[in-house]
Amino acid sequence: MRIPRIRARSGQGDDGKFYFELSLWNFEGTEMIGGEPVGTYGPFETEKKCKEVMREVSQVAVKACVGPNGETPSGYLDLKNGGQFRSFNEH
């Protein structure tokens, strides 16, 4: 099994409230797994609260990716910033 790439993005809806979606991609980031986002979450009154919950949900998704020896991740691989490994607390 290949490691999925987890992506989340936020935005403001027509109602003025904030939402985010979570999606899974192949590691290269060229194809969405399943063809649709895993889910859309919201509404949130503020962008700050939306992004706070988005990070929490993303962290749960990353931790669900258990390694071959049963280990769970202590951080994530930041592919948008040169493939650096970052702590969950850092972002």
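Just so you know, these numbers come straight off a predicted model, no measurement behind them.

Before we move on, could you go through a nonpolar patch on the surface and cite the residues and values that matter?
Together, Ile3, Phe27, Leu77, Leu79 and Phe85 give the surface a local cluster of nonpolar side chains, amounting to about 480 Å² of exposed area. When you line up the elements, Phe27 lands in the loop between strand S2 (18-25) and strand S3 (39-44).

Would you mind going over the packing of aromatic side chains in detail, with residue names and values included?
Within the structure shown, the criterion is met by two aromatic pairs. Summarising the aromatic geometry, the rings of Phe20 and Tyr41 are spaced 4.9 Å apart at their centres and angled 20° between planes, so their arrangement reads as stacked. Of this pair, Phe20 sits in strand S2 while Tyr41 sits in strand S3, placing them 21 residues apart in sequence. Residue classification places Phe20 among the buried residues on the basis of a relative accessible area of 2%.

Hey, could you go over the sheet that holds strand S1 (residues 5-12) for me, with residue numbers and the actual values?
A sheet is described by the order of its strands in space; here three strands give the open sequence S1-S2-S3, paired in antiparallel fashion. At either end of the open sheet lies a strand with only one pairing partner, and these are S1 and S3. Strand-to-strand, the axes of this sheet are offset by a mean angle of 20°, without reference to chain direction. Sheet topology note: the S2/S3 ladder contains four bridges and is antiparallel. Looking at S3, one finds that Leu22 is bridged to Gly39.

Cut-offs applied
Residues numbered from 1 in each chain as written. Predicted model: local features only at pLDDT ≥ 70, side-chain atom pairs only at ≥ 80, totals over all residues. Heavy atoms only, no water. Patch = residues over 30% accessible without salt bridge, like charges linked within 9 Å, V, L, I, M, F, W, Y side chains within 5 Å. Areas by Shrake-Rupley, 256 points an atom, 1.4 Å probe, with all protein chains shown as cover. Salt bridge = Lys/Arg side-chain N within 4 Å of Asp/Glu carboxyl O. Helix = DSSP H or I, 4+ residues; strand = E, 2+ residues; numbered from the N terminus. Phe/Tyr/Trp six-rings, centres within 6.5 Å; stacked < 30°, edge-to-face > 60°. Buried < 20%, exposed > 50% of the residue type's maximum accessible area, 1.4 Å probe, protein only. Pairing = 2+ DSSP bridges. Axes fitted to C-alpha atoms, helices over the stretch in contact; angles between N-to-C directions.

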